[in-house]
Amino acid sequence: MGKMIYLDNAATTPAKPEVVEAMLPYFTENFGNPSSVYEFAAKNKAAVTHARETIAQALGTNTADVYFTAGGSEADNWAIKATAEAYREKGNHIITSKIEHHAVLHTCEYLEKRGYEVTYLDVDENGCVKLEELKKAIRPTTILITIMFANNEIGTIQPIAEIGKIAKEHGILFHTDAVQAFGQLAINVEELNIDMLSASGHKLNGPKGIGFLYIRKGLKLRSFVHGGAQERHRRAGTENVPGIVGFGKAVELAMASLEERQKKETETRNYLIERVLKEVPYTRLNGDRTNRLPNNANFSFQFIEGESLLIMLDMEGICGSSGSACTSGSLDPSHVLLAIGLPHEIAHGSLRLTLSETNTIEEMDYVVEKIKEIVNKLRSMSPLYEDFIKKQEQ
Ligand SMILES: *Cc1c(COP(=O)(O)O)cnc(C)c1O
């Protein structure tokens, strides 16, 4: 099998050829600095504006409210740290969840060391934030609710409209890390009462190292990067023009194909889930069965190590992930899988497969056969499994 089957689109995606093509002239002939006054550079300024407009439209908002950053992590850092600073007089309490990306969790931990108080909400067994718990957590000093749109490991989609409503009713700002959701789900920041939203280019077939933070008009957030007057004085540094142009193109393509991709990915993904659950015993699906990102499947196979499974799948040309890319390499099981209540030993046997619209049913057949083979092999070498089977037979 010479071909690679890439099933790790939650970690990153390839840039589409149209995206690369749109970017290329901005490395060479259109190299001007958008801040320069001469006519030659105006083209670059226009290209940045065009990308901003495309993104704003995709969010159902005004052009000026989109600020480019160097990725999703920076956007998360900016939203949370700048809110904490700007609203310090009002209060020092932030509400988030236990299943956020580390860009949010570690930023909150950083603020805790600096006098802020953070509530990390539990989630239910499917990874959904409980709205009653959220309401109970609100204090007079709460300045920010930051809850991700959809989870990067288990795909669960949060009740964003309800969270937005609760935040608005209490006069609390609402930020959402939509890095996984933007480009996969329809989002309207006005309808959902979202005050700040983070997204990233490389998760939706755009380039790496470019993202944005949407900031609702009127919020008094200061610049995160101090220096020049770029991004309306809110994010200094000469614009990553090729990155911005590529991001804009990727968003345009993602929005044009949104429903078609959702349908295709959901069908292919459901086929994979159904076959795995039916054909591999002692296996569970993590995350909500239906309320999840269209491309996400996350399984736990009892009695095996997810890392071993990953390595053996890799030898068969299949790229997946155990936990998230940022957590793999460490021996701790994923904080998300622990938060949905999995015991350590089950969380350790997990596999995340995230599809794209290019994956086919034939590929899923191959993947299922390989998973069956490898899981059987690993279990046959597991003393735990041997004990379990002996007990079953008694
Ligand atoms: C990938 C990811 C990020 C980080 O985005 P970068 O552009 O890689 O910095 C943040 N949040 C979530 C949910 C992600 O999946």
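The shown structure was predicted, so the numbers you read here are calculated from the model rather than taken from an experiment.

**Student:** Whenever I open this one, the overall build of the protein chain confuses me. Can you help?
**Tutor:** Within the protein chain, the regular secondary structure consists of 14 helices and 12 strands. Taken over the C-alpha trace, the protein chain has a radius of gyration of 22 Å; the compact-globule value for 394 residues is 21 Å, and the two agree within 12%. The C-alpha extent of the protein chain, read off along each of the three principal axes, is 80 × 55 × 35 Å. Within the protein chain, counting contacts between residues at least 6 apart in sequence, those at least 24 apart form 73% of the total. Side-chain charges of the protein chain comprise 43 positive and 52 negative groups, with the mean position of each set lying 3 Å from the other.

**Student:** Help me out: how do you make sense of the pattern of salt bridges in this one?
**Tutor:** A pair can form between side chains of opposite charge whenever their charged atoms are brought close. The tally for this structure, following the rule as stated, stands at 26 salt bridges. The salt bridge partner of Glu363 is Lys3, with a shortest N-O separation of 2.5 Å. Here Glu363, found in helix α13 (residues 361-380), pairs with Lys3, found in the segment before β1 (5-6); they are 360 residues apart in sequence, far enough to count as distant. Its salt-bridge partner being Arg235, residue Glu74 comes within 2.8 Å of it at the nearest N-O pair. Taken as a pair, Glu74 in helix α3 (residues 72-86) and Arg235 in the loop between α7 (230-233) and α8 (241-256) lie far apart in primary sequence, 161 residues in all. One salt-bridge network, in which partners are shared between bridges, spans Arg275, Glu279, Asp365, Glu369 and Lys372.

**Student:** Just to check I follow, could you spell out the UniProt feature "binding site: pyridoxal 5'-phosphate" (unreviewed entry) in the protein chain for this structure?
**Tutor:** Following the UniProt record, one finds the feature "binding site: pyridoxal 5'-phosphate" (unreviewed entry) at Gly72, Ser73, Asn152, Gln180, Ser200, Gly201, His202 and Thr238. Spatially, the listed residues are scattered: they cover 167 residues, and their C-alpha atoms lie as much as 30.4 Å apart. Mapped onto the secondary structure, Gly72 falls in helix α3. Contact partners of Gly72, with chain neighbours within four places excluded, come to Val179, Ser198, Ala199 and Ser200. Residue position: Ser73 is located in helix α3. Residue Ser73 is classed as partly exposed on the basis of its relative accessible area of 41%.

**Student:** How do you make sense of the site of the ligand when you look at a structure like this?
**Tutor:** For the ligand, the set of nearby residues contains 13 residues, the closest of which are Ser73, Asp177, Gln180, Ser200 and Lys203. Gln180 places a polar side-chain atom, nitrogen or oxygen, 2.7 Å from an oxygen atom of the ligand. Considering the ligand on its own, with 380 Å² of exposed area, one finds that the protein chains cover 87% of that surface. Looking at which element gives the most residues to the shell around the ligand, the answer is α3, with 3 residues. Split by residue class, the shell around the ligand holds 2 nonpolar, 8 polar and 3 charged.

**Student:** Looking at this structure, how should I read the nonpolar core?
**Tutor:** What tends to happen in soluble globular proteins is that the nonpolar side chains get buried as a cluster. Core analysis: the biggest nonpolar cluster contains 60 residues, and Leu59, Phe149, Phe182, Ile187, Leu197 and Phe212 have the highest contact counts within it. Here this core gets 7 residues from one element, more than from any other, and that element is helix α2 (residues 39-59). Both domains that meet at this core, namely domain 1 (17-256) and domain 2 (258-393), each give it at least three residues. Counting 27 residues, the second-largest nonpolar core is a separate cluster that includes Ile304, Met312, Leu313 and Ile371.

**Student:** Please explain the environment of Ile346 as it appears in this structure.
**Tutor:** Tracing the sequence through the fold places Ile346 in helix α12 (residues 344-347). Residue Ile346 is classed as buried on the basis of its relative accessible area, which comes to 18%. Remark: the alpha-carbon pair of Ile346 and Ser300, spanning 46 residues in sequence, is separated by 6.2 Å. Among residues more than four places away in sequence, those in contact with Ile346 are Arg284, Ser300 and Gln302.

**Student:** Whenever I open this one, the sheet that holds strand β12 (residues 350-354) confuses me. Can you help?
**Tutor:** Backbone hydrogen bonds are what pair the strands of a sheet, in a parallel or an antiparallel way. Strand order in the open sheet made by the 3 strands is β9-β10-β12, with antiparallel pairing throughout. The sheet is open, and its two edges are formed by β9 (283-285) and β12, each paired on a single side. Averaged over all pairs of adjacent strands, the angle between strand axes in this sheet comes to 25 degrees, irrespective of strand direction. Relative to strand β10 (residues 296-301), β9 runs antiparallel, the two sharing 3 bridges. By the bridge assignment for β10, Leu285 is matched with Phe299.

Criteria and cut-off values
Residues numbered from 1 in each chain as written. Predicted model: local features only at pLDDT ≥ 70, side-chain atom pairs only at ≥ 80, totals over all residues. Heavy atoms only, no water. Helix = DSSP H or I, 4+ residues; strand = E, 2+ residues; numbered from the N terminus. Rg over C-alpha atoms; globule rule 2.2 N^0.38 Å. Contact = heavy atoms within 4.5 Å. Lys, Arg positive; Asp, Glu negative; His and termini not counted. Charge placed at Lys NZ, Arg CZ, Asp CG, Glu CD. Salt bridge = Lys/Arg side-chain N within 4 Å of Asp/Glu carboxyl O. UniProt positions renumbered as here; feature names shortened; annotations may be inferred. Buried < 20%, exposed > 50% of the residue type's maximum accessible area, 1.4 Å probe, protein only. Near = heavy atom within 4 Å. Polar contact = N/O pair within 3.5 Å; in protein donor to acceptor, adjacent residues only side chain to side chain. Areas by Shrake-Rupley, 256 points an atom, 1.4 Å probe, with all protein chains shown as cover. Nonpolar A, V, L, I, M, F, W, Y, C, P; charged D, E, K, R; others polar. Core = buried A, V, L, I, M, F, W, Y, C linked by side-chain atoms within 4.5 Å. Domains from an automatic or database assignment. Pairing = 2+ DSSP bridges. Axes fitted to C-alpha atoms, helices over the stretch in contact; angles between N-to-C directions.

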